[in-house]
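This is what each chain is made of:
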Amino acid sequence: MALTVVSRDHPFSHLIETLKTEKHAGRKYFSLQKLEDPRYNELPLSIRILLEASVRRCDGFYVQREDVEAILDWRQQQGSSEVPFIPARVLLQDFTGIPAMVDLAAMRDAVAGLKGDPSLVNPACPTDLIVDQALQIDFSKCAIQNAPNPGGGEGQAASVKSSPAKAQPHGGSGGCRDQRTCSKGSCSDAPTTSGRAPSVQIENTPLLCPFHLQPVSEPETALKNQEKELSRNKERFQFFKWCSKAFKNVKVIPPNIGAIHQVNLEYLCQAVQAQEEYVYPDSVVGTDSHTTMVNGLGVLGWGVGGIESEAVMLGQPVTLTLPKVVGCKLVGSINNLATSIDVVLGITKHLRQAGIAGKFVEFFGPGVSQLSVPDRTTIANMCPEYNATVSFFPIDDVTLKHFRQTNFSEEKLELVEAYLKAVKLFRNYQDPSEDPVYSEVIEVNLNTIVPHVSGPKRPQDRVEVSNMKKDFASCLNEKVGFKGFHIPVEKQAALVPLLHEGQEFSLGHGSVVIAAIISCTNNCNPSVMLTAGLLAKKAVGAGLRVRPYIQTSLAPGSGMVTHYLNTSGVLPYLSQLGFGVIGYGCATCLGNTAPLPSTLVDAIRKGDLVACGVLSGNRHFEGRLCDCVRANYLASPPLVVAYAIAGTVSIDFETEPLGVTVEGKEVFLRDVWPSREEVQHTEENMVISSMFRDLGEKMERENKMWKNLDAPESTLFPWDLKSTYIRCPPFFHKLTNKPCPPQPIENAHVLLFLGDMVTTDHISPAGSISRTSAAAKYLTSKRLTPREFNSYGARRGNDAVMTRGTFASIKLQNRFIGKAAPKTLHIPSGQMMDVFEAAERYQRDSIPLIILAGKKYGSGNSRDWAAKGPYLLGVRAVIAESFEKLHKNHLVAMGIAPLQFLPDQSADSLGLNGKETFSFCIPADPSPGQELTVHTSTGKSFQVMALLESKVDTVFYQHGGMLKLVARSMIPPQP
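Analysis parameters
- Numbers given for residues are sequential positions, taken from 1 along each chain in its written order.
- Totals for whole chains, interfaces and linings use every residue, but because this is a predicted model, local features are given only for residues with pLDDT of at least 70 and side-chain atom pairs only at 80 or more, for both listing and counting.
- No hydrogens and no water enter the side-chain calculation; it runs on all heavy atoms of the structure.
- To qualify as a nonpolar core, a set must consist of buried Ala, Val, Leu, Ile, Met, Phe, Trp, Tyr and Cys residues joined through side-chain atoms within 4.5 Å.
- We call a residue buried when its accessible area falls under 20% of the maximum for its residue type, exposed when it is over 50%, and partly exposed in between, using a 1.4 Å probe and counting protein chains only.
- Note on conventions: DSSP H or I runs of at least 4 residues are helices, E runs of at least 2 residues are strands, and numbering of each starts at the N terminus.
- Should any heavy atoms of two residues lie within 4.5 Å, those residues are considered in contact.
- The working definition used for a salt bridge is a side-chain nitrogen of Lys or Arg within 4 Å of a carboxyl oxygen of Asp or Glu.
- Think of each axis as a best-fit line through the C-alpha atoms, taken over the contacting stretch in the case of a helix, with angles from 0 to 180 degrees between the N-to-C directions.
- When an angle is under 35 degrees it counts as roughly parallel; over 145 it counts as roughly antiparallel; between 65 and 115 it counts as roughly perpendicular; any other value is oblique.
- Charged means Asp, Glu, Lys or Arg here, nonpolar means Ala, Val, Leu, Ile, Met, Phe, Trp, Tyr, Cys or Pro, and polar covers whatever is left, Gly included.
- Classification of ring pairs uses Phe, Tyr and Trp, with its six-membered ring standing for Trp, and accepts pairs whose centres are within 6.5 Å; under 30 degrees between planes counts as stacked, over 60 as edge-to-face, and the remaining range as tilted.
- For a ring to carry a charge above it, either NZ of a lysine or CZ of an arginine must fall within 6 Å of the ring centroid while also lying within 35 degrees of the normal to the ring plane.
- Taken from the helix axis, the directions to the C-beta atoms give the arc we talk about.
- By definition, two strands form a pair when at least two bridges between them are found by DSSP.
- Think of it like this: strands point away, you trace from the first strand over the helix to the second, and a clockwise trace means the crossover is right-handed.
- The predictor rates its confidence in each residue with pLDDT, a number between 0 and 100.
- For the purpose of counting charges, residues Lys and Arg are taken to be positive, whereas Asp and Glu are taken to be negative. His and the chain ends are not included.
- N or O atoms within 3.5 Å of each other form a polar contact, as long as, within protein, one can give a hydrogen and the other can take it, and as long as residues adjacent in sequence are counted only when both atoms are side-chain atoms.

### A few points about the nonpolar core
- Grouped together as the largest cluster of nonpolar side chains are 223 residues, with contacts concentrated most on Phe239, Trp302 and Tyr857.
- The greatest single-element share of this core, amounting to 10 residues, is contributed by helix α4 (residues 94-113).
- Sequence-distant contacts of Phe239, that is, excluding residues within four places in its chain, are made with Ile98, Met101, Val102, Ala105, Phe717 and Ile726.
- Counting 75 residues, the second largest nonpolar core, distinct from the first, contains Ala515, Ile550, Val570 and Ile651.

### Notes on the pattern of salt bridges
- Tallying each qualifying case throughout the model produces 34 salt bridges.
- Measuring nitrogen to oxygen at the nearest pair gives 3.2 Å for the salt bridge that ties Glu884 to Lys856. Residue Glu884 is found in the loop between β34 (875-880) and α29 (885-893), and its partner Lys856 is found in the loop between β33 (849-852) and α28 (865-873); the two are separated by 28 residues along the sequence.
- Residue Glu884 is classed as buried on the basis of its relative accessible area, which comes to 13%.

### Focus: the packing of helix α10 (residues 373-381) against helix α11 (residues 397-405)
- At a closest axis distance of 9 Å, the pairing of α10 and α11 adopts a crossing angle of 110°. Classed by the angle they form, the pair α10 and α11 counts as roughly perpendicular. Note on element contacts: α11 touches α10 through Val398, Thr399 and His402, opposite Val373, Pro374 and Arg376.
- Of the residues assigned to the contact of α10 with α11, the class counts are three nonpolar, two polar and one charged.

### Comments concerning the packing of aromatic side chains
- Within this structure, the stated rule accounts for 21 aromatic pairs.
- Note on Trp302 and Phe360: the rings are 5.9 Å apart at their centroids and 55° apart in plane angle, and the pair reads as tilted. You can see Trp302 sitting in strand β12 (residues 300-303) and its partner Phe360 sitting in strand β15 (residues 360-364), a full 58 residues away along the chain. For the pair formed by Trp302 and Phe360, the shared burial category is buried.
- With centroids separated by 4.2 Å and ring planes inclined at 5°, the aromatic side chains of Phe403 and Phe408 adopt a geometry described as stacked.
- On the basis of relative accessibility, which here comes to 10%, the residue Phe408 falls in the buried class.
- An aromatic cluster is defined as three or more aromatic residues linked by ring pairs; in this entry it consists of Phe239, Phe240, Trp242, Phe247, Phe717 and Trp719.
- The ring of Phe426 has Lys421 sitting right over it, with the charged end atom 5.0 Å from the ring centre.
- When the ring centre of Phe668 is taken as reference, the NZ or CZ atom of Arg670 above it lies at 4.3 Å.

### Re helix α27 (residues 835-844)
- Among all positions of α27, only Val835, Phe836, Ala838, Ala839 and Tyr842 are buried. Taken end-on, α27 shows its buried residues confined to a sector of 160°, consistent with a single buried face.
- Positive backbone phi, approximately 60°, marks Ser846, located one or two places after α27.

### Some remarks on the pairing of strand β14 (residues 325-331)
- Along β14, six of the seven residues are buried, which leaves the element largely enclosed by surrounding structure.
- Sheet topology places β14 next to β15; five bridges connect them, and they run parallel. The partner of Val325 across the bridge, within β15, is Phe360.
- Viewed along the sheet, the connection from β14 through helix α9 (residues 340-354) into β15 turns out right-handed.

### Concerning the sheet that holds strand β4 (residues 89-93)
- Sheet architecture is open: five strands sit in the order β8-β5-β4-β11-β12, paired in parallel fashion. Every other strand in the sheet has two partners, leaving β8 (250-253) and β12 as the edge strands with one partner each. For this sheet, the mean angle separating the axes of adjacent strands, direction not counted, is 20°.
- Across three bridges, β4 lies against strand β11 (residues 283-286) in parallel orientation. Bridge pairing in β11 places Leu91 opposite Gly286.
- Across the face of the sheet, helix α8 (residues 306-313) comes into contact with β4, β5 (127-130) and β11 while running at roughly 140° to β4.

### A closer look at the confidence of the model for the chain
- Of all residues in the chain, 84% attain a pLDDT of 70 or more, and the chain-wide mean is 83.
- Scored below 50 in pLDDT, residues 1-5 makes 19 contacts in the model with residues more than four places away or belonging to other chains.

### A few points about the side chain of Glu362
- With respect to the secondary-structure elements, Glu362 resides in strand β15.
- Buried charge without a partner: Glu362 forms no salt bridge, and the closest opposite charge is Arg427, 5.7 Å away.
- Of note is the side chain of Glu362, whose polar atom sits 2.9 Å from the backbone nitrogen of Ser46.
- The contacts of Glu362, once residues within four sequence positions are left out, are Pro44, Leu45, Ser46, Val325, Val326, Gly327, Cys328, Phe392, Pro394, Pro436 and Tyr438.

### Observations concerning the sheet that holds strand β35 (residues 897-901)
- Taken together, seven strands build a closed barrel; the order of strands is β28-β33-β34-β35-β38-β37-β36 and the barrel is mixed. The sheet shows a mean angle of 40° between the axes of neighbouring strands, direction not considered.
- Pairing of β33 with β34, which is carried by four bridges, proceeds in the parallel orientation. By the bridge assignment, Leu849 is partnered in β34 with Val875.
- In the packing of α27 onto the sheet, contacts are made with β28 (745-753) and β33, and the angle to β28 comes to roughly 170°.

### Focus: the environment of Leu498
- As for its position among the elements, Leu498 is in strand β20 (residues 495-500).
- Along the sequence, Leu498 and Ile604 sit 106 residues apart, while their C-alpha atoms lie 9.3 Å from each other.

### Brief notes about the environment of Leu300
- By secondary structure assignment, the location of Leu300 is in strand β12.
- As a C-alpha pair, Leu300 and Ser283 span 17 residues in sequence and 4.9 Å in three-dimensional space.
- In contact with Leu300, not counting residues within four places along its chain, are Ser46, Ile49, Leu50, Phe85, Asp282, Ser283, Val284, Asn295, Phe360, Val390 and Phe392.

### Quick word on the environment of Lys951
- Structurally, Lys951 is set in helix α30 (residues 951-959).
- Note on Lys951: relative accessible area 54%, which makes it exposed.
- Taking the C-alpha atoms as reference points, Lys951 and Ser927, 24 residues apart in sequence, are found 8.1 Å from one another.

### A look at the pairing of β33
- Of the two faces of β33, the one lined by Leu849 and Ile851 and the one lined by Ile850 and Leu852 are each fully buried.
- Bridging between β28 and β33 involves four bridges; their strand directions are parallel. Among the inter-strand pairings, His749 is bridged to a residue of β33, identified as Leu849.
- You can see the chain leave β33, run along α28 and come back into β34, and the turn it takes is right-handed.

Now the structure itself:
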């Protein structure tokens, strides 16, 4: 339950007050003002929420009075004391949610096997699971279908008809509706002699199946993708539906409602929880690093791994080091040409340079009031990019106004405002007397922020749009690395001819081949999406278009986006440029993009071109979108449209036109970029008042596909041994009632010898399954064809696939083999092989394994299989120069020891080649930060620090991981 009944002996029962409002009389809350401690008024508001939760949930076991005192004494205890936090709810998306639920189902089996009651295995904390990441682009609109007067001249506004239309054969009265597939010149949609385009029928144009290039009946692009999604993921969806019925406190949001963050913002967010008779702040932890998005609404939340979320679901607190809180003071006014994404990246730059890893960020200052709630959630969403734990915007009048325009009733608004003001969790950003005391303050002047993109390989590499052409040229020259491609000077101007569907084009370095507006970062922000739509409208009116070989798509995080784009009248123009809605959920961002045309791929490879993708997401590591697209840039949605029109990233928008009309008129970006006033007017008058209403109606409507889906009716899940999606994982294999003491690790071999910045994408890929991978061999043995492989993300409920997919990234740099490949050296035999095959041999020979790595091992987004996979491969420890904190916690939670080289030491400085064997012993009761001695087979020894930094870490390691600890807590004591 979110809150147990407060007993009379609750240590803080004297703080309970009753709200003094007419409509909420009788609602109780813990009044922290009654502590009568001056330290409370100095606390950052995010810390006040931690304090309230500890006061309310103080039970003397999980949460003790000493924890409350430590939080209250935050100014002295920050950065040192460990404190518990029990959030109000847990948020799961399907890629990370399915392994969590599979583990709970397996835990029921284990508890039943040890004479326990399996029905007791339930989430104790309310849990919402959103099915949002299975969508792939199987059907998409054509890039320039029905472009009105693509050659230029006066454009006529597009008209949208509702009656079905059929594609006419060439020469028929209706003309060819798809110019991409028609090379003849008599189409009725071709430019007229007067230069005026005819009326355009946007919604009723034919679709092309990407596999067969045959017309598909319209207007059901999204519906066909949804049907394909259901067919492809039926087993997973059946399991989710079983979870919704078998487990208490689990709510499953069916597919095609929206992306996790959008649903969290638009539907699940409560701002203030009212459960039983008590009122308290809404808070959440989610299995996604971008759970922080909800911080923009004043809801404290952050991302945790699937392992940690399972513990919270089962009633255990999240343990965190009492964080330092950086106050980010916003001053000045926003530049008219800067979008919220530019503001995000500008703030990101300041915060990343400040070195705030593991800290809370809390915004204050007069500049905050200029930011709309969508702006704030977009800024909060990028929190993981500067490695903060949260990025918090306390609730103010702007937030309340947003709630009033969304799904909050006046009665709920009264409750929210009354409670927050009673406990001093409400902010007036114009009143500096309310400013808390922060660990440090960083000031950002908003009027200094100019448009940027990020790339070509990492989100932290920001490039001013005005300097993009020069920066890309330097990337071509630089040696291969985080930014460089090392293209010989004499080949940098090379052009490769491309014949695409009867039309001739030229490709060069910097040519855009993928342009995607996707869900997880930007689509929450109406102003940014409207800027893209208004830009598209102006571009179409000016006679501009997108080259047909560019794979364009619009995958909103919610139907709300489609609703307000349609309401504001810009959706038809986006569709004309190829950005038609292909469905709802994560797609391109995860690598779930349809294959590029073979002619395009051949041209790229023939010229060894650095082809580009431009996307409005938050992840773009090399090879993630497509292995032949080497440069990928993160950009705001309007810039995605702009670069798609330009057809290249090698352009100076200030001096070079986006395109030239048939009359020879040059059209520049400044000619079609909408003003901030125009965007705000459209947003205020056409969007905010109606955009959230539609989601509520959609949630209430019957989802027929979901309703008709069969699901088992049982306490224990009936595992299908033939299933390739859902398997009972072996984490509880040979589980005993009591843990065995940790054994010394002797003569361990190195499975992988890795360098710096090994990301969770490298460790556990989420994209497509390569046909030559170990996972592909397994699926082929199950009689699946490559088209049926789906993705690693979709198969996270199958440990056999995920273990084989561990370290299967094509970009993995293993020093044993000296090139990027998912291979390693099996040291005893000297053979090169897949990582899984090598690990299988080591396990067969009972040889323990370790990993050697450099700095920031496990960086990137949270991914529980990045720890589960190595565990199942037999990895007992990782020795690295440094770890990403979240991933380090996941390793501990799986019973893998994270060991860190001493400062200024590394594998190279110690003369290690990775072919030695390693032996060391971790004490049964290690102290935090204890140094251990590692002995090698060459006679060399060195010291490492065991990163078991708390009593919780120690207990997890002693039990062989968190899952086993939780399972043992469900087993009755033996007589």
